[in-house]
Amino acid sequence: MAQHIKPPSESWHRIDAWLAAHAAADFALLNPPATPDEIRQAERILGTPLPGHLAESLQCHNGVSTWATFLPEQSPLTLSGIVDHWQTAANIAAENDGPAPRPWEDEPWWHPLWIPWAESADGAAQVIDQRPGPGAGRLGWAGHSGGGDFTDSWPDLASLLHAVAQALHNGGGVHGLHPYLTVQGGIWWDEYGCEELNGHPLQAAPIGLP
């Protein structure tokens, strides 16, 4: 039976509850919701409606106040961060190859219908692909060099957030990464059996709520 994927707002409710109970410092990094006016203003700049799952996510939290590790590989951007990253990438692409893939790449370096929603530790964007077709809505990575990467991508943002909430409340991993607590009480995702981070011990994150 296919798994029922909860909408982003329900997954964020579950993630929020777990963070508040077990990693309060990380929970405090989550920003308040974006307003409808803020979303409309961003959409005017981008020239396209935000993906539905992203708009719903932003109405839970308008990104984070500083880069955070409570999601496995990505830290959610604010609306202003989304717009800034999109504009910067679009300007760089326009001065180079544009949205066309280079002959040795399957994907372009950037496409105007990629909406960045989060960043990795090295500043690569996790994007939502809004190009029409069977891949519409999938998540991928647009890094500093090379073409975009949609290898083993999540089909949509709701699926990623659902998987994170499931791992925190029911156990298991997210694409091979499992949740741990650091000595500072923050959450960190790593391979199964990881025992330390930068020389400091890690403990397996508790499953569910107290």
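Check the entry above for the structure.
Residues numbered from 1 in each chain as written. Predicted model: local features only at pLDDT ≥ 70, side-chain atom pairs only at ≥ 80, totals over all residues. Heavy atoms only, no water.

**Overview of helix α5 (residues 79-94)**
Right, on to step 1. Its 16 residues place the ends of α5 22 Å apart at the C-alpha level, agreeing with the 22 Å of an ideal helix rising 1.5 Å per residue.
Right, on to step 2. Listed as buried for α5 are Leu 79, Gly 81, Ile 82, Val 83, His 85, Trp 86, Ala 89 and Ala 93.
Right, on to step 3. In this structure, the buried side of α5 is in contact with α3 (36-46), α4 (52-58), β2 (114-119) and β3 (125-129). (Helix = DSSP H or I, 4+ residues; strand = E, 2+ residues; numbered from the N terminus. Expected span 1.5 Å × (residues − 1). Buried < 20%, exposed > 50% of the residue type's maximum accessible area, 1.4 Å probe, protein only. Contact = heavy atoms within 4.5 Å.)

**What about the sheet that holds strand β1 (residues 75-76)?**
Right, on to step 1. In spatial order, the strands read β1-β2-β3-β4; together these four strands make up an open sheet with antiparallel pairing. The sheet is open, and its two edges are formed by β1 and β4 (139-142), each paired on a single side.
Right, on to step 2. With two bridges connecting them, β1 and β2 associate as antiparallel partners. Bridge pairing in β2 places Ser 75 opposite Glu 119. (Pairing = 2+ DSSP bridges.)

**Quick word on the pattern of salt bridges**
Where charged atoms from two side chains of opposite charge come close, those side chains can pair.
Right, on to step 1. A full pass over the atoms with the stated rule returns six salt bridges.
Right, on to step 2. For Glu 107, the salt bridge identified is with Arg 138, shortest N-O distance 3.4 Å. Placement of the pair is Glu 107 in the loop between α5 and β2 and Arg 138 in the loop between β3 and β4, with a sequence separation of 31 residues.
Right, on to step 3. According to the relative accessible area criterion, Glu 107 is buried, its value standing at 14%. (Salt bridge = Lys/Arg side-chain N within 4 Å of Asp/Glu carboxyl O.)

**Details of the sheet that holds strand β5 (residues 178-181)**
Right, on to step 1. Spatial ordering of the open sheet is given by β6-β5-β9, a layout of three strands whose pairing is antiparallel. Only two strands of the sheet have a single partner each, and these edge strands are β6 (187-190) and β9 (203-204).
Right, on to step 2. Here β5 pairs with β6 via four bridges, running antiparallel. Paired with Leu 181 across the two strands is Ile 187, which belongs to β6.

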